[in-house]
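# Understanding the architecture of this molecule
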Amino acid sequence: MKKTATRAGGLSQTFIVPAVESQSGVGRLRFVMMGSGGMWLWMILGLAALWALVACAIRCTIGPRKSTPEQDPIKVLDARLARGEITSEEYRRVRDLLATGH
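Residues numbered from 1 in each chain as written. Predicted model: local features only at pLDDT ≥ 70, side-chain atom pairs only at ≥ 80, totals over all residues. Heavy atoms only, no water.

## Concerning the overall build of the protein
Tallying secondary structure elements over the protein gives three helices and two strands in all. Secondary structure elements of the protein, listed N to C terminal, follow the sequence β-β-α-α-α. Taken across its 102 residues, the protein has 7% of its residues classed as buried. For the protein, the share of sequence-separated contacts (at least 6 apart) that also reach a separation of at least 24 residues comes to 5%. As displayed, the protein has an accessible area near 9,300 Å², and 64% of this comes from carbon and sulfur atoms. (Helix = DSSP H or I, 4+ residues; strand = E, 2+ residues; numbered from the N terminus. Buried < 20%, exposed > 50% of the residue type's maximum accessible area, 1.4 Å probe, protein only. Contact = heavy atoms within 4.5 Å. Areas by Shrake-Rupley, 256 points an atom, 1.4 Å probe, with all protein chains shown as cover.)

Here's what the structure looks like:
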């Protein structure tokens, strides 16, 4: 509920008053907490969420990458021969090339 008070100079002020106020003052207490303390809580939670998003963005862009470990070329060649991807002649030729470096 809003109440408006007018001063002598013609300026008016609006006051927000809780619509229902219990005898123990719980309604007034709830209004005050959400008006001041509750706002601080939401600001802190919002700031924490913002920092969590910033941290995730940084980690995704410059964080450590999962890379495949470098494999030994001979082991790769052996696996290809075992799977039947290359013939034994190709295996010997490539193995000799890897051994001599040419």
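## Focus on a nonpolar patch on the surface
A surface patch of nonpolar side chains, amounting to about 630 Å² of accessible area, comprises Leu47, Leu50, Trp51, Val54, Ile58 and Ile62. Structurally, leucine 50 is set in helix α1 (residues 26-62). (Patch = residues over 30% accessible without salt bridge, like charges linked within 9 Å, V, L, I, M, F, W, Y side chains within 5 Å. Salt bridge = Lys/Arg side-chain N within 4 Å of Asp/Glu carboxyl O.)

## Quick notes on the packing of helix α2 (residues 73-83) against helix α3 (residues 88-100)
Following both chains from N to C, one finds α2 and α3 inclined at 175 degrees, their axes separated by 10 Å at the closest point. As judged from the angle between their axes, α2 and α3 are roughly antiparallel. Facing Pro73, Ile74, Leu77, Asp78 and Leu81 of α2, the residues of α3 in contact are Ser88, Tyr91, Val94, Arg95 and Leu98. Among the residues forming the contact of α2 with α3, the class breakdown is seven nonpolar, one polar and two charged. (Axes fitted to C-alpha atoms, helices over the stretch in contact; angles between N-to-C directions. Parallel < 35°, antiparallel > 145°, perpendicular 65-115°, else oblique. Nonpolar A, V, L, I, M, F, W, Y, C, P; charged D, E, K, R; others polar.)

## Topic: α3
Between its first and last C-alpha atoms α3 spans 18 Å; for 13 residues at 1.5 Å apiece the expected length is 18 Å, and the two agree. The first or second residue beyond α3 is glycine 101, which carries a positive phi of 85 degrees. (Expected span 1.5 Å × (residues − 1).)

## Describing the pattern of salt bridges
In a structure, side chains of opposite charge can pair up when their charged atoms sit close to one another. This structure, assessed with the given rule, holds two salt bridges. For arginine 80, the salt bridge goes to glutamate 85, with nearest N and O atoms at 3.1 Å. On the accessibility criterion, arginine 80 (33% relative accessible area) is partly exposed. Across the pair arginine 83 and glutamate 85 runs a salt bridge whose closest N-O atoms are separated by 2.9 Å. Members of the salt-bridge network, linked through shared partners, are Arg80, Arg83 and Glu85.

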